[in-house]
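Observations on the three-dimensional arrangement
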Amino acid sequence: MRLFRKQSLISILFLGILLTLFESSLVKADVITPGMSRVSYCFKITNIDKYPDYLFMVVEKSDGPRMTPRNRLLKSDECHNLGGYRVYGEVYALKKSDVDLKKDIIGEFERLKDFESKKDKLIPATRRINPIKRMKDIYQIDKVAMGYEVSEINNRYLNLNNSSITYFYKNNKSETKAYLQGDKLPLPASKNTAFLWYVPVFGMSLIGGAAYWRRLNKYKKAE
């Protein structure tokens, strides 16, 4: 009986250690670097309409646990939200002639039925979609919308190029910037404007601190 209790206690302690390590790893993975803030993210392929013979879709996956891959059809006029713990997207094209549009496309969000059975027909993109999850506080960004363009498509692969990025600010303003240097991210032009919000606060703090210091010295001299 004592041996059984001892083994049970060891098992419980071992399980507790495993759970603690697992939880701490999740916490560390989700820690935000000081000076950074989380942002929402969506993306779209802006020139889908130039390829009327194809369907385009994204398969949402995650490097984390507990997420079943799911596919969604993409439309040129809709920005597809992509968020969650370590979530990324894989983009595919599919010839419309390879599917029955009435039977194979289902659901409110229009997804491909029996995705696995169509794998040999899918044309994969040469890059995956990795969401921008954080931006510097100084930019005051609330959401990022990424635009891609199809530059080439054949029976073997699909090429996607960065096209533009739209920044939505916390003051409800937005700006769109084109990619001019390959994959180099165009930074928000409004960073200085965002920074100016901190200048009056910082200045008032300095003035208040100086006034308090002078008053304190005055009282000390009076004593």
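Residues numbered from 1 in each chain as written. Predicted model: local features only at pLDDT ≥ 70, side-chain atom pairs only at ≥ 80, totals over all residues. Heavy atoms only, no water.

1. Overview of the overall build of the protein chain
When you go through the protein chain residue by residue, the secondary structure sums to three helices and 13 strands. For the protein chain, the proportion of its 223 residues judged to be buried stands at 31%. Contacts spanning at least 24 positions in sequence make up 63% of the contacts within the protein chain whose residues lie at least 6 apart. Here the protein chain has roughly 15600 Å² of accessible surface; of this, 55% comes from carbon and sulfur atoms. (Helix = DSSP H or I, 4+ residues; strand = E, 2+ residues; numbered from the N terminus. Buried < 20%, exposed > 50% of the residue type's maximum accessible area, 1.4 Å probe, protein only. Contact = heavy atoms within 4.5 Å. Areas by Shrake-Rupley, 256 points an atom, 1.4 Å probe, with all protein chains shown as cover.)

2. Side note on the nonpolar core
Core analysis: the biggest nonpolar cluster contains 32 residues, and Tyr 41, Phe 43, Phe 56, Val 91 and Leu 158 have the highest contact counts within it. Those elements that provide at least two residues to this core are strand E2 (40-45), strand E3 (54-62), strand E6 (87-95), strand E9 (123-129), strand E11 (141-153) and strand E12 (158-169). Per element, the largest residue contribution to this core is six residues, and it comes from E11. Those residues in contact with Val 91 that lie beyond four places of it in its chain are Phe 43, Ile 45, Met 57, Val 58, Leu 74, Ile 123, Pro 124, Ala 125, Ile 129, Leu 158 and Leu 160. Membership of the second largest hydrophobic core comes to eleven residues, among which are Val 59, Leu 73, Leu 94 and Leu 112. (Core = buried A, V, L, I, M, F, W, Y, C linked by side-chain atoms within 4.5 Å.)

3. Points about the packing of aromatic side chains
Considering all chains together, one arrives at four aromatic pairs under this definition. Centre to centre, the rings of Phe 43 and Tyr 148 are 6.2 Å apart; their planes meet at 80 degrees, and the pair counts as edge-to-face. Note that Phe 43 is positioned in strand E2 and Tyr 148 in strand E11, a separation of 105 residues in sequence. Residue classification places Tyr 148 among the buried residues on the basis of a relative accessible area of 5%. The rings of Tyr 51, Tyr 54 and Phe 56 are connected pair by pair, giving a single aromatic cluster. Seen from the ring of Tyr 88, Arg 128 lies directly overhead, with NZ or CZ sitting 3.7 Å from the centre. (Phe/Tyr/Trp six-rings, centres within 6.5 Å; stacked < 30°, edge-to-face > 60°. Lys NZ or Arg CZ within 6 Å of the ring centre and 35° of its normal.)

4. Observations concerning the pattern of salt bridges
Under the defined criterion, the tally for this structure stands at seven salt bridges. Note that Asp 63 and Arg 128 form a salt bridge whose closest N and O atoms lie 3.8 Å from each other. With Asp 63 in the loop between E3 and strand E4 (70-73) and Arg 128 in strand E9, the pair connects residues that are 65 residues apart, well separated along the chain. Judged by relative accessible area, Asp 63 falls into the partly exposed class, the value being 44%. In this structure, the salt-bridge partner of Asp 183 is Arg 127, at a minimum N-O distance of 3.7 Å. (Salt bridge = Lys/Arg side-chain N within 4 Å of Asp/Glu carboxyl O.)

5. Digging into the confidence of the model for the protein chain
Here the protein chain averages 80 in pLDDT, and 70% of its residues register 70 or above. Within the model, the stretch residues 2-6 combines pLDDT values under 50 with zero contacts to residues more than four positions away or in other chains. Confidence drops under a pLDDT of 50 for residues 12-29, and excluding neighbours within four residues, the segment shows four contacts in the predicted structure. (pLDDT = per-residue confidence, 0-100.)

6. Remarks on the environment of Leu 187
Relative to the helices and strands, Leu 187 resides in the loop between strand E13 (174-178) and helix H2 (191-196). Each C-alpha atom of the pair Leu 187 and Ile 165 lies 9.2 Å from the other, and the pair is 22 residues apart in sequence. Setting aside its immediate chain neighbours within four residues, Leu 187 contacts Tyr 139, Tyr 167 and Lys 177.

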